[in-house]
Amino acid sequence: MAESNRREFLVNLILGLSVIPGFAWAARHVLRYLVPPKSQRTTEVLLTRLSDLPVGSGREFKGVLGNDLIAARLPSGDVRVFSSICTHLGCHIQWDQVAGNFLCPCHLGRFDTEGKVLAGPPPTPLPSFAVRVSGNDVYVTVPVKEG
Ligand code: FES
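- As recorded in an unreviewed UniProt entry, the chain goes by the name Rieske domain-containing protein, listed as coming from Thermoanaerobaculum aquaticum.
- Taken verbatim from the UniProt record of the chain, the Cofactor (unreviewed entry) comment is "[2Fe-2S] cluster".

The structure is reproduced here in structure tokens:
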């Protein structure tokens, strides 16, 4: 009798434990439906002055509302701003003054001034950010990263 109760208890325990992953999966989906993720909030911030970014130059800006950015001033005078995090394995890219484009020193990935991959292993272009120039001021719109 005791052996039968023990066997029944173990069977019920195993059956009970086997439904936990399914319940967790269902609960996760129900919660995602009930509490959708927050949309990414963006804001425009003053990044630099045109006078600090001469034509043909580039410069990194770390920690702009939690974003690491790199800006380049094209020969036309236009300004482009990208994430300075390489899309390959996350190294910080640099401005290559001689080549006039961006270089990742880790595995020699190279990006043009539109953020497109020119060479090396990066799988995707650099994420870009909207730029607005007002007088001598360069503003960029970036996501607000929390934490
Ligand atoms: S991390 Fe940039 S090329 Fe590999």
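Points about the overall build of the chain
And step 1. Regarding its fold elements, the chain presents 2 helices and 11 strands.
And step 2. Mapped in sequence order, the helices and strands of the chain form the string α-α-β-β-β-β-β-β-β-β-β-β-β.
And step 3. Among the 147 residues that make up the chain, the fraction classed as buried is 30%.
And step 4. A sequence separation of at least 24 residues applies to 45% of the contacts in the chain between residues at least 6 apart.
And step 5. Accessible surface, the chain: about 9,500 Å² in total, of which carbon and sulfur atoms supply 60%.

Quick word on the state of the cysteines
And step 1. Summed over the entire model, instances satisfying the criterion amount to 1 disulfide.
And step 2. Bridging Cys91 to Cys106, the disulfide has an S-S length of 1.9 Å. Between Cys91 and Cys106, the S-S dihedral sits near -95°, and the bridge is therefore left-handed. Placement of the pair is Cys91 in the loop between β4 (79-83) and β5 (94-96) and Cys106 in the loop between β6 (101-104) and β7 (109-111), with a sequence separation of 15 residues.

What counts and what doesn't
Residues numbered from 1 in each chain as written. Predicted model: local features only at pLDDT ≥ 70, side-chain atom pairs only at ≥ 80, totals over all residues. Heavy atoms only, no water. UniProt positions renumbered as here; feature names shortened; annotations may be inferred. Helix = DSSP H or I, 4+ residues; strand = E, 2+ residues; numbered from the N terminus. Buried < 20%, exposed > 50% of the residue type's maximum accessible area, 1.4 Å probe, protein only. Contact = heavy atoms within 4.5 Å. Areas by Shrake-Rupley, 256 points an atom, 1.4 Å probe, with all protein chains shown as cover. Disulfide = S-S within 2.5 Å.

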